[in-house]
Amino acid sequence: KGVYYTPESITDYICNNTVTPYLLDKLGNKYKSFEELIDTGNKSDWKKAVGILNDIKILDPACGSGAFLIKAAEVVFGMKRRLSYLLKEKGNYYDLKLDIITENIYGVDILAGAIEISKLRLWLWLISDFNESENEIKALPNIEYNLKLGNSLIGWLDEKLLQMPIKT
């Protein structure tokens, strides 16, 4: 079936060498690194960076068990957490992770079991910052749209797509 587990060193390298340059590019390449952005003390650019990170969409077209998705989520989380702290924005890590899972992370895999494992790994990553003062652990929100069963190489097979009528 062509199953291959991507080592953490590879997912780490890919995520750190795509997310950070993407952010810096969207900020107009004024900074050479994320650290330089932080060191400037430019709150306006920090707020822009948070907005960019809120809008980023990360797709793994063959997500398997979610190793790349977890690493990408961790990279975005680390940046957003640091910027939120500097901007003195209140919020907890659980809600920040929940936003990342529902708004930034997407995956496709040909194996249904792999999709379920990805969902479980994202849920475990989320609850690792669960606040014990709350009564119960919340279920992972429906991320059926975020993680889909499918074949990224050949596209849609069994789903009928909504066709818009063509006006002449």
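Everything below is about the structure printed above this text.
Below you will find a few notes about this structure.

Thresholds, definitions, all that
- Residues numbered from 1 in each chain as written.
- Predicted model: local features only at pLDDT ≥ 70, side-chain atom pairs only at ≥ 80, totals over all residues.
- Heavy atoms only, no water.
- Core = buried A, V, L, I, M, F, W, Y, C linked by side-chain atoms within 4.5 Å.
- Buried < 20%, exposed > 50% of the residue type's maximum accessible area, 1.4 Å probe, protein only.
- Helix = DSSP H or I, 4+ residues; strand = E, 2+ residues; numbered from the N terminus.
- Phe/Tyr/Trp six-rings, centres within 6.5 Å; stacked < 30°, edge-to-face > 60°.
- Lys NZ or Arg CZ within 6 Å of the ring centre and 35° of its normal.
- Arc of directions from axis to C-beta.
- Contact = heavy atoms within 4.5 Å.
- Polar contact = N/O pair within 3.5 Å; in protein donor to acceptor, adjacent residues only side chain to side chain.
- Pairing = 2+ DSSP bridges.
- Axes fitted to C-alpha atoms, helices over the stretch in contact; angles between N-to-C directions.

## Description of the nonpolar core
Reasoning step 1: Core analysis: the largest hydrophobic core is formed by 41 residues, its most contacted members being Val19, Leu23, Leu37, Ile58 and Leu83.
Reasoning step 2: Of all the elements in the fold, those that place two or more residues in this core are α2 (19-26), α3 (34-40), α4 (43-55), α5 (67-86), α6 (93-103) and α7 (112-127).
Reasoning step 3: The dominant element in this core, judged by the number of residues it contributes, is α5, at 10 residues.

## Let's talk about the environment of glycine 41
Reasoning step 1: Of note, glycine 41 is situated in the loop between α3 and α4.
Reasoning step 2: Accessibility expressed as a relative area gives 40% for glycine 41, which makes it partly exposed.

## A look at the packing of aromatic side chains
Reasoning step 1: Counted by the stated rule, this structure contains three aromatic pairs.
Reasoning step 2: Ring plane angle 85° and centroid distance 5.5 Å describe the contact between phenylalanine 77 and tyrosine 93, whose orientation is recorded as edge-to-face. A residue pair is termed long-range when its members are at least 10 positions apart, and phenylalanine 77 in helix α5 and tyrosine 93 in helix α6 qualify at 16 residues.
Reasoning step 3: On the basis of an interplanar angle of 80° and a centroid distance of 5.9 Å, the ring pair of phenylalanine 77 and tryptophan 125 is categorised as edge-to-face. Residue phenylalanine 77 is found in helix α5, and its partner tryptophan 125 is found in helix α7; the two are separated by 48 residues along the sequence.
Reasoning step 4: Using a relative accessible area of 6% as the deciding quantity, one classes phenylalanine 77 as buried.
Reasoning step 5: Above the ring of tyrosine 93, the side-chain terminus of arginine 81 is found at 5.7 Å from the ring centroid.

## Quick notes on the environment of glutamate 116
Reasoning step 1: Among the secondary structure elements, glutamate 116 is positioned in helix α7.
Reasoning step 2: In this structure the C-alpha to C-alpha distance between glutamate 116 and glycine 64, which are 52 residues apart in sequence, comes to 9.3 Å.

## Here we look at α6
Reasoning step 1: Within α6, the full set of buried residues consists of Tyr94, Leu96, Lys97, Ile100 and Ile101. One side of α6 carries all its buried residues, which in axial view fall inside an arc of 165°.
Reasoning step 2: Each element contacted by the buried residues of α6 is listed here: α5, β2 (105-109) and α7.
Reasoning step 3: N-capping of α6 is provided by asparagine 92, with a side-chain oxygen placed 3.2 Å from the backbone N of tyrosine 94.

## Concerning the environment of aspartate 25
Reasoning step 1: In this fold, aspartate 25 is placed in helix α2.
Reasoning step 2: With a relative accessible area of 45%, aspartate 25 lands in the partly exposed category.

## What about α2?
Reasoning step 1: Among all positions of α2, only Val19, Thr20, Leu23 and Leu24 are buried. Along α2, the residues classed as buried sweep out an arc of 130° about the axis, all on the same side.
Reasoning step 2: Of the residues trailing α2, glycine 28 is marked for its positive phi of about 85°.

## Let's talk about the sheet that holds β2
Reasoning step 1: Spatially, three strands are ordered β1-β2-β3 in an open sheet, and the strand pairing comes out parallel. Here the strands that pair on one side only, and so sit at the sheet edges, are β1 (58-60) and β3 (147-149). With strand direction ignored, the average angle separating the axes of adjacent strands in the sheet is 15°.
Reasoning step 2: Bridge count between β1 and β2: three bridges; the pairing is parallel. The partner of aspartate 60 across the bridge, within β2, is glycine 107.

## Concerning unusual backbone geometry
Reasoning step 1: Even without a glycine there, the phi angle at asparagine 29 is positive, about 55°.
Reasoning step 2: Take asparagine 29: it is sitting in the loop between α2 and α3.
Reasoning step 3: Residue lysine 88 is not a glycine yet carries a positive backbone phi of 55°.
Reasoning step 4: With respect to the helices and strands, lysine 88 occurs in the loop between α5 and α6.
Reasoning step 5: For lysine 88, a relative accessible area of 69% gives the class exposed.

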